[in-house]
Amino acid sequence: MLTETIEKALNEQIKIEASSSQVYLSMASWAEIQGFEGVSSFMYAHSDEERMHMLKLVKFVNERGGHARVSTLEAPPAKFGSFKEMFQTLFDHEVMVSSKINDLVDITLKEKDYATHNFLQWYVAEQIEEEALARTILDKINLIGDDKGGLYLFDNDVKLLVTNEEPV
Ligand code: OFO
């Protein structure tokens, strides 16, 4: 059984994962209308992953006797100045999510909820991967700058990331 504190904290994380999914969906749509198929496929896939992160939490909360809530979300930005700006936003977003997961883990220890603590280890590991991936992409785009030919190759590279990504 979840304590009220843990249930509330997990529901906040459900909202964060849902908003991550929305943020990446908006990035996918923007990249798609710019004609960048690789980047948009990557963002669509990432948006689906975030929804899966959210669903995993929903199931866990309900299985443990809590009530998973679906919240209203703020609309994410619809436009991004450049791909560099977009991937910087993605990276900053993942750093924020990691810190929220860390806060959650901290709460489970304070509440002595070791089952939830154990469940959250999956998210801890996932965040390491998500941050590393975002950093790799950001490093690449920083090298390219605004070079059109470079961006074309970058788009192809990112497309490969989608096909090679481990299903989670
Ligand atoms: Fe759910 O991992 Fe990104 O935000």
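This write-up is about the structure you can find in this document.

Quick notes on the rules
- In this numbering scheme, every chain counts its residues from 1 along its sequence in written order.
- Given that this is a predicted model, residues contribute local features only at a pLDDT of at least 70 and side-chain atom pairs are listed and counted only at 80 or more, while totals for whole chains, interfaces and linings are drawn from all residues.
- Water and hydrogen atoms were dropped before computing side-chain values, which therefore reflect all heavy atoms in the structure.
- Each reported salt bridge corresponds to a side-chain nitrogen of Lys or Arg within 4 Å of a carboxyl oxygen of Asp or Glu.
- For helices the rule is a DSSP run of H or I covering at least 4 residues; for strands it is a run of E covering at least 2, with both sets numbered from the N terminus onward.
- Type-normalised accessible area, obtained with a 1.4 Å probe on protein chains alone, sets the label of each residue: buried when under 20%, exposed when over 50%, and partly exposed for intermediate values.
- Pairing of aromatic side chains requires ring centres within 6.5 Å, counting the rings of Phe and Tyr and the six-membered ring of Trp. Pairs whose planes differ by under 30 degrees are stacked, by over 60 edge-to-face, and all others tilted.
- The rule is short: NZ of Lys or CZ of Arg within 6 Å of the ring centre and within 35 degrees of the ring normal puts a charge over the ring.

1. Overview of the pattern of salt bridges
Working step 1: Under the definition given, this model contains six salt bridges.
Working step 2: Between D113 and R64 there is a salt bridge, with its nearest N and O atoms 3.4 Å apart. With D113 in the loop between α3 (83-110) and α4 (114-144) and R64 in the loop between α2 (37-63) and α3, this residue pair connects regions lying 49 residues apart in the sequence. R64 matches D113 in its accessibility class, with the two residues each being buried.

2. Some words on the packing of aromatic side chains
Working step 1: Enumeration according to the criterion identifies eight aromatic pairs in this entry.
Working step 2: Ring centres of W30 and F83 lie 5.3 Å apart, and the angle between their planes is 55 degrees; this geometry places the pair in the tilted category. Of this pair, W30 sits in helix α1 (residues 4-33) while F83 sits in helix α3, and the two are 53 residues apart along the sequence. For the pair formed by W30 and F83, the shared burial category is buried.
Working step 3: When the ring of F119 is compared with that of Y123, the centres are 5.6 Å apart and the planes differ by 55 degrees; the resulting orientation is tilted. With F119 and Y123 both in helix α4 and four residues apart, the pair spans about one turn of that helix. Accessibility assignment for this pair places F119 and Y123 in one class, buried.
Working step 4: Every member of this aromatic cluster is reached through a ring pair, and the members are W30, F36, F80 and F83.
Working step 5: K56 extends its terminal NZ or CZ atom over the ring of W122, reaching a point 4.4 Å from the ring centre.

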